[in-house]
Amino acid sequence: MARPIVAIVGRPNVGKSTLFNRILGWKKAIVDPQSGLTRDRLYGVAEWSGREFTVVDTAGLDLDTANDASRAAIEAQTRVAIEQAQVIVLLLDVRQGLTPIDRDIAQLLRKSRRNVIVAANKADSPRERHFAHEVLELGFDEPFLISAQHGLGVGDMLDRVVEALPPLEMKSPAEEKADRLAIMGRPNVGKSSVLNALLGDERALVSEVPGTTRDPVDTELVFDGIPVVLIDTAGIRRKSSHRDRLERYSLLRGIHAMERADVVLLVIEASAGVLAQDQHVAGYALEAGKGLVIVVNKIDLVEPKMRQSAYWRTALLKDFKFAPFAPVVAVSAKTKEGIGSVILTALEVVGHRRTRMAPNELNRVLRGAFQEHPAPSFKGRRLKLNYATQAAGETPTVVLFVNDTGLLHFSYRRYLEKKIRERFGLAGNPLRLVLRAGEDRRTAK
Ligand code: GDP
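Residues numbered from 1 in each chain as written. Predicted model: local features only at pLDDT ≥ 70, side-chain atom pairs only at ≥ 80, totals over all residues. Heavy atoms only, no water.

Caption draft 1: Broad picture of the overall build of the chain. Each helix and strand counted, the chain has 14 helices and 16 strands in total. Looking at the chain as a whole, 54% of its 445 residues qualify as buried. Long-range pairs, those at least 24 residues apart, make up 74% of the contacts in the chain between residues at least 6 apart in sequence. When the accessible area of the chain is evaluated, it comes to approximately 20400 Å², of which 50% is carbon and sulfur surface. (Helix = DSSP H or I, 4+ residues; strand = E, 2+ residues; numbered from the N terminus. Buried < 20%, exposed > 50% of the residue type's maximum accessible area, 1.4 Å probe, protein only. Contact = heavy atoms within 4.5 Å. Areas by Shrake-Rupley, 256 points an atom, 1.4 Å probe, with all protein chains shown as cover.)

Next up, the structure:
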């Protein structure tokens, strides 16, 4: 199910990333903190009043020019937010009042048909009220006065954000049947070439009649009898006419596509190495609960030993150490080498998402793990497992009922995950471990 996207826009230094972090709050990234990925996150899954949504900090999108305060950069970020998000939070700074750039951004937002919520940040004292009047002239509803740093007013603002979210999107039965793959990656790694190569595969029957999907950029096909939808990252298809500034924002421009997918095909380039943005996309895909396949493209340009998937499986372990379970496929969109196994591999990953872990077996595996290596003690106490069960949902999730949810150390979580994966596979998929305090499943909600 696609989560709605909430984007935070505004000029530099109004406090966008502080607000972003405040909204994500206690929610930790699923990826290993040691991998360094959590430091400059731009994307996260948040929850408020029982609704899940994706929050994006637009400023950080442009990793190379994060400090680029030029109008063009800010305008481009705002346009991307308008294109991708269902709700936009326009952040202002009460201390500085309305600036010309704020007005420019507001004008772009007014023209869009998006839900815009205005928040005036750094309102640490009530005398900032007068600012609310000044802001009204922008033509939006009354602003929320907040302090992202101290958390003031943020709850009220989030109530409004949740109200503005579109209703939960139910998939139609036809959509439900198809496995959905999103092709993502930096510009020029060969995403459209890979897409075209996949469509050209003799086992892929591309449907001429649009039927099951509501998005015109999706491509439906039947692969070995299995219905598949290839979800286009914004701009892959119509890019040639459009190599503009927005290209640089390929990460955010793919987030909506990613949210709608079962599996993300992350395309990287054999000779270019792995960049931070590649790691981020992989991390976000896993945080969103999606399956992940790494597609190494352009192997025709590298020496023969580097044309094997097995070579890349080892070579990429260091860069994707938070995702050692992700399958790696080496391909050339140009010569078509390896292309035949991309969709097959992705469908296997989808299959693993549907793994049902029998409760007896799951508990046997976990009890064994706790016996083999008891949890380390923390202030004289140890994590003890009462019962484990698999939760329903699209992402493989195991709920552990334990004596005290505060006693799970990161490395022990890793260890338990590894034991579950050894028994149940789950290749290509994130595994969520959710802790609950309680005796057994009767206490589960
Ligand atoms: P996108 O921006 O990720 O969609 O990348 P494109 O598909 O437009 O490809 C970028 C460039 O890489 C183009 O010049 C392609 O012809 C080239 N390219 C794509 N795939 C391959 C490949 O497998 N081998 C080689 N040698 N070039 C490729």
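Caption draft 2: Inspection of unusual backbone geometry at higher detail. We note that asparagine 188 has phi near 75°; this positive angle belongs to a residue other than glycine. Relative to the helices and strands, asparagine 188 is located in the loop between strand 7 (179-184) and helix 7 (191-200). The backbone phi angle of lysine 336 is positive, close to 75°, even though this residue is not glycine. If you trace the backbone, lysine 336 turns up in the loop between strand 13 (328-330) and helix 12 (340-353).

Caption draft 3: Up close: the sheet that holds strand 15 (residues 397-402). One open sheet holds the three strands; their spatial order is 14-15-16, and the pairing between them is mixed. What marks the edges here is a single partner per strand, and that holds for strand 14 (385-391) and strand 16 (432-437). Averaged over all neighbouring strand pairs, the angle between strand axes comes to 25°, with direction disregarded. Pairing of strand 14 with strand 15 involves six bridges; the strand directions are antiparallel. Bridge pairing in strand 15 links alanine 391 to threonine 397. Lying on the sheet, helix 13 (residues 359-372) is in contact with strand 14 and strand 15; it crosses strand 14 at an angle near 135°. (Pairing = 2+ DSSP bridges. Axes fitted to C-alpha atoms, helices over the stretch in contact; angles between N-to-C directions.)

Caption draft 4: Representation of the packing of aromatic side chains. Taken as a whole, this structure holds five aromatic pairs when the rule is applied. Between tyrosine 311 and tryptophan 312 the ring centres are 5.1 Å apart and the planes differ by 90°, which places this aromatic pair in the edge-to-face class. By relative accessible area, which is 27% here, tyrosine 311 ends up partly exposed. For tryptophan 312, a relative accessible area of 7% puts it in the buried group. The rings of Phe370, Tyr412 and Tyr415 are connected pair by pair, giving a single aromatic cluster. A cation over an aromatic ring shows up here: arginine 421 above the ring of phenylalanine 325, its NZ or CZ 3.8 Å from the ring centre. (Phe/Tyr/Trp six-rings, centres within 6.5 Å; stacked < 30°, edge-to-face > 60°. Lys NZ or Arg CZ within 6 Å of the ring centre and 35° of its normal.)

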